[in-house]
Amino acid sequence: MILNSRETCIAYRCPYCGSGIKSMVGVFALSGAMKKLKCSCGASELTVNQTNDGKLRISVPCLFCGTEHTFMISSKLFFEKELFIYPCPFSALDLVFIGTEKAVSEALDKSEKELLKLLSEMGIDDLEKLHGELDHLDADDEPCDPSIYDAVMFVIRDLIEGGDVSCCCDDGDYDVAVSDDHVKVFCRSCGASKDIPTDSELAARAFMGVTHLKLEKL
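Below you will find a few notes about this structure. Position numbers for residues count from 1 along each chain, tracking the sequence in the order it is written. pLDDT decides what is reported in this predicted model: residues at 70 or higher carry local features, side-chain atom pairs at 80 or more are listed and counted, and totals for whole chains, interfaces and linings draw on all residues regardless. Side-chain metrics rest on all non-hydrogen atoms present in the structure, leaving aside hydrogens and water.

1. Comments concerning the environment of tyrosine 149
- Along the polypeptide, tyrosine 149 turns up in helix H4 (residues 146-161).
- Partly exposed describes any residue whose relative accessible area lies between the buried limit of under 20% and the exposed limit of over 50%, with all areas from a 1.4 Å probe on protein chains only and scaled to the type maximum. Given the relative accessible area of 30%, tyrosine 149 is considered partly exposed.
- Along the primary structure tyrosine 149 and histidine 182 are separated by 33 residues, whereas in three dimensions their C-alpha atoms are 8.5 Å apart.
- Residues contacting tyrosine 149, with those up to four places away along its chain left out, are Val178, Val183 and Thr198. Only runs of H or I of at least four residues qualify as helices and only runs of E of at least two qualify as strands under DSSP, and these elements are numbered from the N terminus. When checking whether two residues touch, look at their non-hydrogen atoms; a contact exists if any pair is within 4.5 Å.

Shown next, in the form of structure tokens:
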């Protein structure tokens, strides 16, 4: 289905208040200045930036990782696909919705039900409690549980050895670099990488279910 190439709908869910934020974006609005989609609560925003080669770089705050995820898509995909959904690469939670206003609205409603079900299974009845738990886990006086690091490293090694890591080239020369709050998986040949949080139990728990890791060049 080919859509009006001059306008599309983009949406995300605020990780702080839970509101679904939608906006129509025209092709001319993306030429030059960065497009920002802010939540009315003032705690989060999604940004869209057009690169020199015409692609779109999108950054969105993540509920589970506590940081932003950035990805790039072509302008053709952005303006012409009926529905494109970008999920958190670790938790598979849908983060960004792009397409027709109807398709985006339906997908946003569906994601809300899935999120509420997931929070219920975790024993959390609102997002404020979830962020309270994240703040507690990330506080300076809370040392990182070594078991979180060990579990993340086990999954990373298992993915590499099982051939379930991919990047921008065909060499597959993968390695890891360890920091205080994350482990970077990278390709020695093309430089593509992905940071895996190790300072949040929730983010690490979400990463346990990953079956394929796609490294990206930013």
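The structure having been displayed, the exposition proceeds.
2. Focus on the sheet that holds strand S2 (residues 20-26)
- Taken in spatial order, the four strands of this open sheet run S2-S1-S8-S7, and their pairing is antiparallel. Across the chains shown, the open sheet's two edge strands, defined by having one partner strand only, are S2 and strand S7 (83-87). Pairs of neighbouring strands in the sheet enclose a mean axial angle of 20 degrees, with direction left out of account.
- Looking at chain direction, strand S1 (residues 7-13) and strand S8 (residues 94-99) are connected through four bridges and run antiparallel. At least two bridges found by DSSP between two strands are what make those strands a pair. Under this scheme, a helix contributes an axis fitted over its contacting stretch, all axes are lines through C-alpha atoms, and angles between N-to-C directions fall in the 0 to 180 degree range.

3. So, the packing of aromatic side chains
- Pairing of aromatic rings covers Phe, Tyr and Trp, the last counted by its six-membered ring, and requires centre-to-centre distances within 6.5 Å; plane angles under 30 degrees mean stacked, over 60 mean edge-to-face, and any other angle means tilted. The final tally for this structure, using the stated rule, is three aromatic pairs.
- Taking 6.3 Å as the distance between ring centres and 40 degrees as the angle between the ring planes, the aromatic pair formed by phenylalanine 71 and phenylalanine 84 counts as tilted. With phenylalanine 71 in strand S6 (residues 68-73) and phenylalanine 84 in strand S7, this pair connects stretches of sequence that are 13 residues apart.
- For the ring pair phenylalanine 71 and tyrosine 86, a centre distance of 3.8 Å and an interplane angle of 10 degrees mean the geometry is stacked. Note that phenylalanine 71 is positioned in strand S6 and tyrosine 86 in strand S7, a separation of 15 residues in sequence.
- An aromatic cluster is built from Phe71, Phe84 and Tyr86, whose rings are joined through pairwise contacts.

4. A look at empty space enclosed by the protein
- Method remark: on a 1 Å grid restricted to protein atoms, a set of points is classed as a cavity if a 1.4 Å probe fits but cannot get out and as a pocket if it is open with protein on both sides within 12 Å along at least five of seven lines; lining residues have an atom within 4 Å of a point. Grid points are joined across faces, edges and corners, and a volume is the space filled by probe spheres set on the points. Counted according to the given criterion, the structure contains one cavity of 30 Å³ or more.
- Its boundaries defined by the atoms lining it, the largest cavity holds a volume of some 110 Å³.
- The wall of the largest cavity is formed by Arg13, Cys14, Pro15, Pro61, Leu63, Leu93, Asp94, Leu95, Ser111 and Leu115.
- Contributions of two or more residues to the lining of the largest cavity are made by S8 and helix H2 (101-121).
- The class makeup of the residues in the lining of the largest cavity is seven nonpolar, one polar and two charged. Ten residue types, Ala, Val, Leu, Ile, Met, Phe, Trp, Tyr, Cys and Pro, are classed as nonpolar, four, Asp, Glu, Lys and Arg, as charged, and the remainder, Gly among them, as polar.

None of the figures reported here should be taken as evidence of function without further support.
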